[in-house]
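Okay, here's what each chain looks like letter by letter:
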Amino acid sequence: MRIYFSRPDITEKEIQAVTDVLKSPDLSLGPKLPEFEQYFADYIGTKRAVAVNSGTSGLYLCLLAMGIGKGDEVITTPFTFIATSNVVMMAGAKPVFVDIDPVTLNIDASKVESKITKKTKAIMPVEVFGSPAGFDKICQIADKHKLIILEDSCEALGSALNGKKAGTFGQMSVFAFYPNKQITTGEGGTILTDDDKLADMCASLRNQGRGTAGGWLSHERLGYNYRLSDINCALGIVQLSRIEEIKRKRKQVGKWYQQTLAGDDRFIVPTEPPGCDINWFVFVIRLADRFTRQNREKVLQTMRNAGIQVSNYFTPVHLQPFMVEQFGFKQGHFPVTESVADRTIALPFYNNLTKQEIGVVCDELRLAVERL
Ligand SMILES: Cc1ncc(COP(=O)(O)O)c(C=O)c1O
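Caption draft 1: Representation of the sheet that holds strand 7 (residues 164-165). The strand order 7-6-11 describes an open sheet built from 3 strands, whose pairing is antiparallel. Only two strands of the sheet have a single neighbouring strand rather than two, namely strand 7 and strand 11 (276-277). With 2 bridges connecting them, strand 6 (residues 160-161) and strand 11 associate as antiparallel partners. Within strand 11, the position partnered with Ala160 by the bridge is Asp277.

Here it is, written out as structure tokens:
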């Protein structure tokens, strides 16, 4: 492989911080957990943060803490990572999909109201690829209909809309730290909220249902082991301390792609919409509408053969085999999502990708399209 799809950015500082924890007696539930949580809450600007072992478990605990379950509906987007709707189903509720805006690729606010029923409890918007575009409109609709917003911010650490940070649009929000994310803890996630009761409930649920006061073998409720170890938290603290540097690097990589592909009408290249400050998660271009899904598959294969790791991003959630089986979804149910998903090409994207490497990626991309 000549150019990887994604690579974490780990410096000696991270290695030292993890080593320090390994030399201490507190590998889990030690001092690094509250330090990471407080640091994260301060960075986002929420009252509380509850660190967990993944974005998925964080989202799931939010739904449980808010009492969303059997008989409830949660409105969300089919153009997302599978975990967004999986957690709704894990909680026993039904995901109700709304198609996306063809420009922002986020849930189309103008189509949300028609999907609200008596069973609707929450809207779960996703800042797709890091973009919070359109989130203000979603908040207005939620306010009007008294719906909870659970913000799936797993892809958007460091992004903002009109100065308001991703992770502050919902009553609860969740970030994720898999190694392809803006910051990594190896695996991990964090729940954010201003609500102490919800935060305390999530902290209990992540720790086998233990209460804040009770002992190790006292369990107040059915709970899980979704804890994040101090080893992961130490890594997260150093990564978060570098967030501005990381954001600058990711924006630079995005700019190089934008400049290199500028003016080529075969590609739709992402840009920051007005008011959006995006800390890119992945950099996903699209082939123009005249190309087909088969064309895209060929381009992906040609680039892979040339040693460039690329991917489609995403496969629509409603067309995943188990979703088709359970809900009877068909091609054509969410046409904007399907049309976008057919043409996406996620290019190699990480902090330390060089301008020269981007030149190689774009040359191979152009060659691959010319060969169609
Ligand atoms: C939009 C979205 N939601 C949820 C998740 C789940 O996060 P994790 O992989 O940490 O469980 C991800 C991770 O990729 C994501 O991109």
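Caption draft 2: The sheet that holds strand 3 (residues 94-97), seen in detail. Judged by pairing direction, the sheet is mixed, and its 7 strands sit side by side in the order 1-9-8-5-4-2-3 without closing on themselves. Two strands bound the open sheet, and with one partner strand each, they are strand 1 (48-52) and strand 3. Strand-to-strand, the axes of this sheet are offset by a mean angle of 25°, without reference to chain direction. As paired strands, strand 5 (residues 148-152) and strand 8 (residues 172-176) are joined by 3 bridges and run parallel to one another. Residue pairing in the sheet places Leu150 in a bridge with Met172 of strand 8. The sheet strands contacting helix 3 (residues 55-65) are strand 1, strand 4 (120-124), strand 5, strand 8 and strand 9 (189-193), and the helix crosses strand 8 at an angle near 165°. Each of strand 4 and strand 5 touches helix 5 (residues 135-145); the most contacted strand, strand 5, lies at about 155° to it.

Caption draft 3: View of the site of the ligand. Close contacts around the ligand come from 15 residues, with Gly55, Thr56, Asp152, Glu155 and Lys181 the closest. Contact distances for the ligand include 2.8 Å between an oxygen atom and a backbone N or O atom of Gly55. Asp152 is positioned with one of its side-chain polar atoms (N or O) 2.8 Å from a nitrogen atom of the ligand. Within the complex, 91% of the 390 Å² of free accessible area of the ligand lies under protein. Secondary-structure elements contributing two or more residues to the shell around the ligand are helix 3 and helix 4 (83-90). Among the elements that make up the shell around the ligand, the one with the highest residue count is helix 3 (3 residues). When grouped by side-chain class, the residues that make up the shell around the ligand number 6 nonpolar, 6 polar and 3 charged.

Caption draft 4: Geometry of the pattern of salt bridges. Within this structure, the stated rule accounts for 24 salt bridges. Residues Asp196 and Arg48 are paired through a salt bridge, measuring 3.0 Å at the closest nitrogen-oxygen approach. With Asp196 in helix 6 (residues 196-206) and Arg48 in strand 1, this residue pair connects regions lying 148 residues apart in the sequence. What makes Asp196 partly exposed here is its relative accessible area of 30%. By relative accessible area, Arg48 is classed as partly exposed at 22%. For Arg242, the salt bridge goes to Glu245, with nearest N and O atoms at 3.0 Å. With relative accessibility at 6%, the residue Arg242 sits in the buried group. For Glu245, a relative accessible area of 25% translates into the label partly exposed. Here the residues in one salt-bridge network are Asp9, Glu14, Arg242, Glu245 and Lys249, joined through shared partners.

Caption draft 5: The arrangement of the packing of aromatic side chains in detail. Enumeration according to the criterion identifies 21 aromatic pairs in this entry. On the numbers, 6.1 Å between centres and 80° between planes, the contact of Phe97 with Phe334 is edge-to-face. Here Phe97 is found in strand 3, whereas its partner Phe334 is found in the loop between helix 10 (321-327) and helix 11 (335-343), with 237 residues between them in sequence. Under the relative-accessibility criterion, Phe97 is labelled buried at 2%. Pairwise contacts between aromatic rings join Phe5, Phe79, Phe129, Phe281, Tyr313 and Phe314 into one cluster. If you follow Arg7 out to its NZ or CZ, it ends over the ring of Tyr4, 4.3 Å from the centre.

Basis of the calculations
- Residues numbered from 1 in each chain as written.
- Predicted model: local features only at pLDDT ≥ 70, side-chain atom pairs only at ≥ 80, totals over all residues.
- Heavy atoms only, no water.
- Pairing = 2+ DSSP bridges.
- Helix = DSSP H or I, 4+ residues; strand = E, 2+ residues; numbered from the N terminus.
- Axes fitted to C-alpha atoms, helices over the stretch in contact; angles between N-to-C directions.
- Contact = heavy atoms within 4.5 Å.
- Near = heavy atom within 4 Å.
- Polar contact = N/O pair within 3.5 Å; in protein donor to acceptor, adjacent residues only side chain to side chain.
- Areas by Shrake-Rupley, 256 points an atom, 1.4 Å probe, with all protein chains shown as cover.
- Nonpolar A, V, L, I, M, F, W, Y, C, P; charged D, E, K, R; others polar.
- Salt bridge = Lys/Arg side-chain N within 4 Å of Asp/Glu carboxyl O.
- Buried < 20%, exposed > 50% of the residue type's maximum accessible area, 1.4 Å probe, protein only.
- Phe/Tyr/Trp six-rings, centres within 6.5 Å; stacked < 30°, edge-to-face > 60°.
- Lys NZ or Arg CZ within 6 Å of the ring centre and 35° of its normal.

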